[in-house]
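Report on the structure
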Amino acid sequence: MADTPLYDAYRAFLADPATPFTVPGHKRNPALVDELLAIDLPLYGAVESLDGSTGILPRAERRAGELWGADWCGFSVQGSSHGNMAIALTLAKPGDKVVVARTLHKSLFFGLVLAGLDPVWVRPDIDARTGLTAGMPPERIAAALDAHPEARAVMLIEPSYVGGVSDVAAIAEIAHARGVPLTVDAAWGAHLGFHPALPPHALQAGADILVTSVHKHITGFTQSSMVLAQRERIDIDRLEAAFEGLHTTSPSGGIMASIDRARALLEERGTALLDVAIAESERARERFRAVEGLGVVGADIAERNPALLMHDPTKIVLSLVGTGANGIAVADVLEERGITLEFADRDTFCPVITLGDTAETIDRLADEVIRAIEEHRGDPRDLVPLTAWTVDPVTAMTPRDAFFADHVRVPAAEAIGRIAAETVVPYPPGIPALAPGEVVQGPVVEALQAEAAAGTSIRYCGDPNLETILVVAE
Ligand SMILES: Cc1ncc(COP(=O)(O)O)c(C=O)c1O
């Protein structure tokens, strides 16, 4: 058993609790709490001493840093959203340019607002057959850096939400040759680098910072996350200050301990557990391929898209257009039958498969998805790629200037050609299709309205039907 200092301290405190005169206020008083709160311990004042002087957390973070080969590691209870914002505050000064993949998560976008950074957007390729993102061509990053030699960093999102992995090593070389660091939002890639069939993780590929959600592909509590960084091109003191500055002063001991435990599990049994996830995902893909009209993304997507190093073999992505079934209706039926999908819109399904799955869970997924699609068959329709993946933004102001500018809500038709002051995010995957500082473009609005009408949840904007849009006042 790998050593787990934080997890051990958590368990030891639960087994022999003090009489707490600290927060949390429920005091784990058996007369007041049930199993929900009985395991809730604060990090400080229970798992660690109140002043942190026992140093258990830094020990656990060091162990994770060693496993990922990083000089610095920070555990977070605020998801990769926290890490993204801390990274943005670390890289440059307000007004500086950074080259950023336009498939960024909204948290990184708000990191740019916080830090006052000026993004040079680069868009990954789109796969013509499926409409999915299909990798960031290294030459596109080189061109962006050549056009903006003053840019201070390159920021990628890898793997993509739908499992595409770009050639991060080639992009790291390009960034480093021009003297800038590469940061990678690997929220969906905590398992990368831990199985021979998977690509290396971003640090192995040469990136300078990696943020990953421990709760997504490995076994941490919901919200658990980590930032891992190398010292050579990153000011670690500033990263640490930003990370601490944005982190709650009351982290949950359970969430933090779960990161320690997830790291140990990955270290000890990760390859064996991933064997199952990879083999069973492939078996399910085979079953899906036998369903008439159902599009199944697999290794072939990387064969026809040169910017893709590979497709994450644990990732199941299905295109329903050829079956004529409406994905939202199918997903509703699946939910009634106890199967919830991470991503389901009208055309695409992306159930998350992790090392927590077994042959039985993946078989049940395949059984129920196939049954529900057969019940909902219709006329095949044309593929419409998700707006968030195809938007080619026209930037008129920095995100920060637009966010803080005076603004006004106007009917969508009047918003066309004006500068957006709000974030419009089809969810999932949480990628802004329109963001503060960008010119509101007619085709983007029309596509978003169509997505909203088709049942996609449009979030973080004042009017989710997109009848009105918040724009910068003239
Ligand atoms: C690419 C990307 N980055 C960051 C996040 C935020 O992660 P978390 O939910 O752990 O804050 C997400 C969430 O879906 C994401 O897709």
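Computed from a prediction, not measured in an experiment: that's the story for all the values here.

Bridge count between strand 2 (residues 97-101) and strand 3 (residues 118-122): 5 bridges; the pairing is parallel. Each bridged residue has a counterpart across the sheet, and for Val 100 the counterpart in strand 3 is Trp 121. Taken together, strand 2, helix 5 (residues 106-115) and strand 3 constitute a β-α-β crossover, and its handedness is right-handed.

Neighbouring the ligand are 14 residues, the closest being Gly 79, Ser 80, Ser 81, His 105 and Ala 187. The element contributing the most residues to the shell around the ligand is helix 4 (residues 79-91), with 4 residues. Residues belonging to the shell around the ligand are distributed by class as follows: 4 nonpolar, 9 polar and 1 charged.

Contact geometry for helix 4 and helix 5: axes closest at 8 Å, N-to-C directions at 35°. The chirality of how helix 4 crosses helix 5 is right-handed. Along its contact with helix 4, which presents Ser 80, Ser 81, Asn 84, Met 85, Ile 87, Ala 88 and Leu 89, the element helix 5 presents Ser 107, Leu 108, Phe 110, Gly 111, Leu 112, Leu 114 and Ala 115. Here the residues of the contact of helix 4 with helix 5 sort into 9 nonpolar, 5 polar and no charged.

Moving on, we get to the sheet that holds strand 7 (residues 209-213). Strand order in the open sheet made by the 7 strands is 1-8-7-6-4-2-3, with mixed pairing throughout. Pairing within the sheet leaves two strands with one partner each, and these edge strands are strand 1 (72-76) and strand 3. Averaged over all neighbouring strand pairs, the angle between strand axes comes to 20°, with direction disregarded. Alignment of strand 4 (residues 154-157) against strand 6 (residues 182-185), held across 4 bridges, turns out to be parallel. Looking across to strand 6, one finds that Leu 156 is bridged to Val 184.

This paragraph deals with the environment of Ala 172. Considering the arrangement of structural elements, one finds Ala 172 in helix 7 (residues 168-177). Given 23 C-beta atoms within 10 Å, Ala 172 falls into the buried group. The spatial distance from the C-alpha of Ala 172 to the C-alpha of Val 445 is 35 Å, given a sequence separation of 273 residues. Every residue in contact with Ala 172, bar those within four places of it in the chain, is listed here: Leu 182, Ala 205, Gly 206 and Ala 207.

In summary, soluble globular proteins display a tendency toward joint burial of nonpolar side chains. Within the largest apolar cluster, 147 residues are counted, with the highest numbers of intra-cluster contacts made by Leu 6, Val 47, Val 154, Leu 156, Ile 171, Ala 207 and Met 256. Sorting elements by how many residues they give to this core places helix 9 (residues 253-289) first, with 12 residues. Residues within four places of Val 154 in sequence aside, it is in contact with Val 99, Ile 141, Ile 171, Ala 175, Val 180 and Leu 182.

Here we come to the sheet that holds strand 12 (residues 343-344). Spatial ordering of the open sheet is given by 9-11-13-12, a layout of 4 strands whose pairing is antiparallel. Edge positions in the sheet fall to strand 9 (295-296) and strand 12, since each of these pairs with one other strand and no more. Here strand 12 runs beside strand 13 (residues 348-350); their pairing, made up of 2 bridges, is antiparallel. Bridging from a neighbouring strand, Phe 343 pairs with Cys 350 of strand 13.

By domain assignment, the chain separates into domain 1 (50-245), domain 2 (269-375) and domain 3 (387-472). The centre of domain 1, based on its C-alpha atoms, is set 26 Å off from the matching centre of domain 2. With 25 residues of domain 1 at the interface, the matching set in domain 2 holds 23 residues. Here the residues of the side of domain 1 that touches domain 2 sort into 13 nonpolar, 9 polar and 3 charged.

Following Val 23, the chain continues into Pro 24 via a peptide bond in cis, with omega recorded as 5°. For the bond from Glu 158 to Pro 159, the omega torsion is -5°, close enough to zero to count as cis. For Pro 159, the location among the structural elements is in the loop between strand 4 and strand 5 (164-166). Here the phi dihedral of Tyr 460 falls at roughly 65°; this positive angle occurs in a residue that is not glycine. Examined against the element boundaries, Tyr 460 turns out to sit in the loop between strand 16 (457-459) and strand 17 (468-472). The exposure class assigned to Tyr 460 is partly exposed, which follows from the 16 C-beta atoms found within 10 Å.

Turning next to the packing of helix 11 (residues 327-336) against helix 12 (residues 359-375). For the pair helix 11 and helix 12, interaxial distance at closest approach is 9 Å and the crossing angle is 130°. By the angle class used here, helix 11 and helix 12 are oblique. Seen from above, helix 11 lies across helix 12 with right-handed handedness. Only Glu 368, Val 369, Ala 372 and Ile 373 of helix 12 make contact with helix 11, whose side of the interface consists of Val 330, Val 333 and Leu 334. Of the residues assigned to the contact of helix 11 with helix 12, the class counts are 6 nonpolar, no polar and 1 charged.

Procedures and definitions
Residues numbered from 1 in each chain as written. Predicted model: local features only at pLDDT ≥ 70, side-chain atom pairs only at ≥ 80, totals over all residues. Pairing = 2+ DSSP bridges. Helix = DSSP H or I, 4+ residues; strand = E, 2+ residues; numbered from the N terminus. Right-handed = clockwise from strand over helix to strand, strands pointing away. Near = placed C-beta within 6 Å. Nonpolar A, V, L, I, M, F, W, Y, C, P; charged D, E, K, R; others polar. Axes fitted to C-alpha atoms, helices over the stretch in contact; angles between N-to-C directions. Left-handed = near helix turned anticlockwise from the far one by under 90°. Contact = placed C-beta atoms within 7 Å. Buried ≥ 20, exposed ≤ 12 C-beta atoms within 10 Å, placed from the backbone. Core = buried A, V, L, I, M, F, W, Y, C linked by C-beta atoms within 7 Å. Domains from an automatic or database assignment. Parallel < 35°, antiparallel > 145°, perpendicular 65-115°, else oblique.

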